[in-house]
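# A closer look at the structure
Residues per chain are reported as follows:
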Amino acid sequence: MKKNSIIVLLLFTIITVTAQQSSIPEVEELLSKMTLEEKIGQLNLLTPGGGVATGAVVSENVEAKIKAGQVGGLFGVAGPDRVRQAQEIAVKNSRLKIPLIIGSDVIHGYKTTFPIPLGISCSWDMGLVEQVARVAATEATADGICWNFSPMVDIARDPRWGRIAEGAGEDPYLGSQVAIAMVKGYQGDDLAASNTMMACVKHLALYGAAEAGRDYNSVDMSRVKMFNQYLPPYQAAVDAGVGSAMSSFNDIDGIPATGNKWLLTDLLRERWGFKGFVVSDYTSVNEMIDHGLGDLQAVSALALKAGLDMDMVGEGFLTTLKKSLEEGKVTEEEITVACRRILEAKYKLGLFDDPFKYNDSSRPAKDILSAEHRAIARKVAAHSFVLLKNENDVLPLAKNAKIALIGAMANEKNNMLGTWAPTGDIQYAVPIMEGLKAVAPQASISYAKGANITDDKALAEKINVFGLRVTVDSKTSEAMLKEALDNAAKADVVVAVVGEASEMTGEAASRTDIQIPESQKVLIRALVKTGKPVVLVLMSGRPMDISEEFALPVSILQIWHPGVEAGNAVADVLFGDYNPSGRLTTSWPRNVGQIPVYYSMKITGRPGTDTFQKFRSNYLDAPNSPLIPFGYGLSYTDFEYSGLKISKSEIGLNSGVQVSVNVKNTGDREGEEVVQLYIRDVVRSITPPSRELKAFKKILLKSGEEQTVTFDLKPDSFKFYNSELEFIAEPGTFEIFVGKDATTDRKVTVEMK
Ligand code: NOJ
């Protein structure tokens, strides 16, 4: 071998060896002292129970395992003192005294519960989103938790899927902005501070594309679609420095995410440069047995080799990796690499310096559910509401109005927090009735239930898994209805709180019928017949099929599940103390048969038409367009757009352009508008979406005020992933649309040369 080649080889070896070592000397030193069993122990994440389990198994003998160095982390344990006890077992009784990482699901607030994430996304206000995450981190860390299984950034275009509630909707650009804001909010600038926590982006990947909207179902998708439509939010979280990622339950190209090397190593680490650790979802290693990939030993080895570092609850790593090593099915290096990543996370959190840094017993009283946090929750909730209809400008209501408040969820706490708020507590929730009375003490408000959320007892039982959400009343439907109609007859206006109970969405809560349950539809029809103005305050964790109600002469305020400050926020908006500014982040279908329906759908070779034409891409029985488009939402004021301009009519490849538009508040009250910009790439090498959101700005305008909104579009706005999965722009025409929602036809064009 020539001298030069020897030097190159030597250098290569040095670089490879150093690359496999941690840049944190303490971590390498610790690794050098660890036995194989201790390394495997770090890969084990357990939950001792007491919290809400999302799988069949809850861990056993947790204390003994911690002492034996067989546990890397815990979740489902909270409170500075309880966490301290667990941490003490690890740092006092295990041989190497390695602290535990303590995780939790804090996806829309800790005790100060915010609206469900889908609702939060409808604020289109990234400052607020970041603030939500900041508050959540402050409260969770006060309670001993330093690792959060959030943000959930799965793009979801199927409202049958119950977990659509947990994410930011259908759009990859908006979803990416939300992902970035959340990571920033949780992790702050200093992960080692005692009030910041490590974020965990989930569920990698494509979990929201489960076939038929059935939870945990298979996913099959082209790479081009993944890269352009589904992967951007995960990548955005990685670029924002997210410390960890969670693999999803579904398969991708036939290999479950948890054992998918292409996903966890080639894409996540090699292509995206992710440096953190990957945890499985709840027993998702073991579930690969049911997926049909072999026994526990085989699937655990598959997961490790794919790049999975930590095994949530299933203990496949703990119980089989040693044997796999002895049989040559995994290498010690693979175990060491995973262990190193977990130790690095603990180091970054500062746990080695002070394992008890999140265990200050004086913090919960001042940091959790503080008046300041509750005020933020109230503001965020009001910002998440979307005014879908305002019939005869019935809203806002006068503060001295005579109101018939009706509905099973109008005067209760049970459904206010929304799905997957396991750390929240319904006792702190403000019922809608209470909020209305507090904000408008002069109003005269009567209350009647009117109808059950559902009359279906079997369904009620399935929904009530985490506590009582739906009660089927002992009164007859007729008696309840009569009471509601009597109240309506005496009132100026009817406010009917209708929709879904909180656990009608969320994990393992998919529905094939996404209409308002029939019991409540009967009520709504009867209320409308009274001729009184009717305001539907619609609660749901998903976009619903409200075709029937939308056609009625009613007003509709969509409030999702608004969180702990529900009643106050609803009152703020109904009485006009806050002018609603939420915009939908999903398209609302006309019926389930249209699903998936999303604004960026391709045009096809036989473009659809508004009215049916044979041999066009249409339905016989419904238009192609959704009932309510992405980006839609009304205000108590009006906004007028004019003067759309572009800084250049021609641009070079890899350059950007500025687009500006004037927006005027033409109504008589202050309000916020979300100015949205969409791009259509007219000609390119792979079929383009009809348009894609590429920028937005939320602005506040006083009555009569006009503002010029300028978008500085960067070269990336014109790029896409081509068939070779290269992120490129191609020359040609781009149409740029600016307006209130995804249907806007106000446009300018630019030629890219
Ligand atoms: C299962 C869910 O899919 C995941 O989002 C959650 O973080 C874990 N359970 C832990 O609770």
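One structure accompanies this document, and this report is about it. (Residues numbered from 1 in each chain as written. Predicted model: local features only at pLDDT ≥ 70, side-chain atom pairs only at ≥ 80, totals over all residues. Heavy atoms only, no water.)

## Observations regarding the pattern of salt bridges
If you walk through the whole model with that rule in mind, you get 44 salt bridges. For Arg95, the salt bridge identified is with Glu38, shortest N-O distance 2.7 Å. With Arg95 in the loop between helix 5 (80–93) and strand 3 (101–104) and Glu38 in helix 3 (residues 36–42), this pair connects stretches of sequence that are 57 residues apart. For the salt bridge of Lys753 with Glu650, the shortest nitrogen-to-oxygen distance reads 3.7 Å. Of this pair, Lys753 sits in the segment after strand 26 (747–752) while Glu650 sits in strand 18 (residues 650–651), placing them 103 residues apart in sequence. Residue Lys753 is classed as exposed on the basis of its relative accessible area, which comes to 56%. Each of Glu518, Lys521, Arg525, Glu548 and Glu549 takes part in a single network of salt bridges with overlapping partners. (Salt bridge = Lys/Arg side-chain N within 4 Å of Asp/Glu carboxyl O. Helix = DSSP H or I, 4+ residues; strand = E, 2+ residues; numbered from the N terminus. Buried < 20%, exposed > 50% of the residue type's maximum accessible area, 1.4 Å probe, protein only.)

## A few points about the environment of Ala192
The residue Ala192 is located in the loop between helix 8 (172–187) and strand 5 (198–204) in this model. Residue class for Ala192 comes out partly exposed when judged on its relative accessible area of 35%. Each C-alpha atom of the pair Ala192 and Asp353 lies 9.5 Å from the other, and the pair is 161 residues apart in sequence. Setting aside residues no more than four positions away along its own chain, Ala192 makes contact with Lys348, Leu349, Gly350 and Lys357. (Contact = heavy atoms within 4.5 Å.)

## Details of the packing of aromatic side chains
Taken as a whole and assessed by the stated rule, the structure comprises 19 aromatic pairs. Taking 6.4 Å as the distance between ring centres and 40 degrees as the angle between the ring planes, the aromatic pair formed by Tyr347 and Phe352 counts as tilted. Between Tyr599 and Phe630 the ring centres are 4.6 Å apart and the planes differ by 25 degrees, which places this aromatic pair in the stacked class. Note that Tyr599 is positioned in the loop between helix 23 (566–574) and strand 17 (639–646) and Phe630 in the loop between helix 23 and strand 17, a separation of 31 residues in sequence. As far as burial versus exposure is concerned, Tyr599 and Phe630 are alike and both buried. Ring pairs connect the aromatic residues Trp124, Tyr173, Tyr599, Phe630, Tyr678 and Phe696, which therefore count as one cluster. In this structure, Lys697 packs its charged tip against the face of Phe711, placed 5.5 Å from the ring centre. (Phe/Tyr/Trp six-rings, centres within 6.5 Å; stacked < 30°, edge-to-face > 60°. Lys NZ or Arg CZ within 6 Å of the ring centre and 35° of its normal.)

## Observations concerning the layout of surface pockets
Any empty space left between the atoms is revealed when a probe the size of a water molecule rolls over them. Here the largest pocket is characterised by a volume of approximately 950 Å³. For the largest pocket, the lining is made up of 31 residues, of which Tyr599, Met601, Asn624, Ser625 and Ser690 are closest to its centre. Of the residues that constitute the lining of the largest pocket, the class distribution is 15 nonpolar, eleven polar and five charged. (1 Å grid on protein atoms, 1.4 Å probe; cavity = no way out; pocket = protein on both sides within 12 Å on 5 of 7 lines; lining within 4 Å. Points joined across faces, edges and corners; volume = space filled by probe spheres on them. Nonpolar A, V, L, I, M, F, W, Y, C, P; charged D, E, K, R; others polar.)

## Thoughts on the sheet that holds strand 2 (residues 73–75)
Ordered in space as 9-6-5-4-3-2-1-10, the eight strands form an open sheet in which the pairing is parallel. The open sheet has two free edges, formed respectively by strand 9 (277–279) and strand 10 (311–312), since each of these has just one partner strand. Where strand 4 (residues 147–148) and strand 5 come together, two bridges link them in parallel fashion. Residue pairing across strands places Asn148 opposite Ala199, the latter belonging to strand 5. (Pairing = 2+ DSSP bridges.)

## Some words on the environment of Gly563
Here Gly563 shows up in the loop between strand 16 (555–558) and helix 23. By relative accessible area, Gly563 is classed as buried at 0%. Residues Gly563 and Pro232, spaced 331 residues apart in sequence, show a C-alpha to C-alpha distance of 28 Å. Sequence-distant contacts of Gly563, defined by excluding residues within four places in its chain, comprise Thr113, Phe114, Pro115, Met416 and Leu417.

## A word on the nonpolar core
If you look at the biggest cluster of nonpolar residues, it comprises 183 residues, and the most contacted ones within it are Leu74, Trp147 and Leu574. At ten residues, helix 7 (residues 126–142) tops the list of elements feeding residues into this core. When near neighbours in sequence (up to four residues on either side) are disregarded, Leu574 contacts Leu395, Pro396, Leu397, Leu436, Val495, Val535, Val537, Leu557 and Tyr636. Counting residues in hydrophobic clusters, the runner-up holds 37 residues, among them Cys122, Ala404, Ala488 and Val554. (Core = buried A, V, L, I, M, F, W, Y, C linked by side-chain atoms within 4.5 Å.)

## Quick look at helix 10 (residues 232–239)
All of the buried residues in helix 10 are Pro233, Tyr234, Ala236, Ala237 and Val238. Just beyond helix 10, the residue with positive phi is Gly241, at close to 90 degrees.

## Let's talk about the side chain of Asn662
With respect to the helices and strands, the residue Asn662 is situated in strand 19 (residues 657–665). Under the relative-accessibility criterion, Asn662 is labelled buried at 18%. Within the structure, Asn662 has its side chain in polar contact with the side chain of Thr708 (distance 2.9 Å). (Polar contact = N/O pair within 3.5 Å; in protein donor to acceptor, adjacent residues only side chain to side chain.)

## Some thoughts on the sheet that holds strand 11 (residues 386–389)
If you trace the six strands from one edge of the open sheet to the other, you get 11-16-15-14-12-13, paired in mixed fashion. Here the strands that pair on one side only, and so sit at the sheet edges, are strand 11 and strand 13 (444–448). Across the sheet, the mean angle separating the axes of adjacent strands is 20 degrees when strand polarity is ignored. When strand 15 (residues 534–539) meets strand 16, the two strands line up parallel, connected through four bridges. Considered in strand 16, the bridge of Val535 is made with Ser555. Along the sheet, helix 20 (residues 477–490) makes contact with strand 12 (402–406), strand 13 and strand 14 (493–499), crossing strand 13 at roughly 165 degrees. (Axes fitted to C-alpha atoms, helices over the stretch in contact; angles between N-to-C directions.)

## Details of the packing of helix 20 against helix 21 (residues 518–529)
Closest axis-to-axis distance for the helix 20/helix 21 pair is 10 Å, and the angle between their directions is 30 degrees. Between helix 20 and helix 21, the interaxial angle falls into the category roughly parallel. The element helix 20 and its partner helix 21 pack so that their crossing is right-handed. The residues of helix 21 that touch helix 20, namely those facing Leu481, Ala484, Leu485 and Ala488, are Leu523, Ala526 and Leu527. Classifying every residue of the contact of helix 20 with helix 21 gives seven nonpolar, no polar and no charged. (Parallel < 35°, antiparallel > 145°, perpendicular 65-115°, else oblique. Left-handed = near helix turned anticlockwise from the far one by under 90°.)

## Topic: the environment of Asp545
Secondary-structure assignment places Asp545 in the loop between strand 15 and helix 22 (547–550). Remark: the alpha-carbon pair of Asp545 and Ile516, spanning 29 residues in sequence, is separated by 7.6 Å. With sequence-adjacent residues up to four places away left out, Asp545 is seen in contact with Ile514, Gln515, Ile516, Pro589, Arg590, Asn591 and Val592. Polar contacts involving the side chain of Asp545 include one to the main-chain amide nitrogen of Ser547, which spans 3.1 Å.

## Some remarks on the pairing of strand 6 (residues 244–247)
Across the two faces of strand 6 the burial is the same, with Ser244 and Met246 and Ala245 and Ser247 all buried. Inspection of the sheet shows strand 5 paired to strand 6 by three bridges, in the parallel sense. Counterpart to Val201 in the pairing with strand 6 is Ala245. Of the pairings in the sheet, the one linking strand 6 to strand 9 comprises three bridges and is parallel in character. Within the sheet, the bridge partner assigned to Ala245 lies in strand 9 and is Val278.

## Considering helix 5
Here helix 5 is 14 residues long and its end C-alpha atoms lie 19 Å apart, about the 20 Å a rise of 1.5 Å per residue gives. Among the residues of helix 5, Pro80, Val83, Ala86, Gln87, Ile89, Ala90 and Val91 are the ones counted as buried. Structurally, helix 5 contributes buried residues whose contacts are with helix 4 (62–67), strand 2, strand 3, helix 7 and helix 16 (363–367). (Expected span 1.5 Å × (residues − 1).)

## Quick notes on the packing of helix 2 (residues 25–33) against helix 15 (residues 332–348)
The description of two packed helices rests on the angle between their axes and on the distance between the axes. Contact geometry of helix 2 with helix 15 gives a least axis separation of 10 Å together with a crossing angle of 135 degrees. Regarding the angle of helix 2 to helix 15, the classification is oblique. Helix 15 is crossed by helix 2, and the crossing has right-handed handedness. Between helix 2 and helix 15, the contacting residues are Glu26, Val27, Glu28, Leu30 and Leu31 on the first element and Thr336, Cys339, Arg340, Leu343, Glu344 and Tyr347 on the second.

All quantities given are derived from atomic positions and should not be read as evidence of function.
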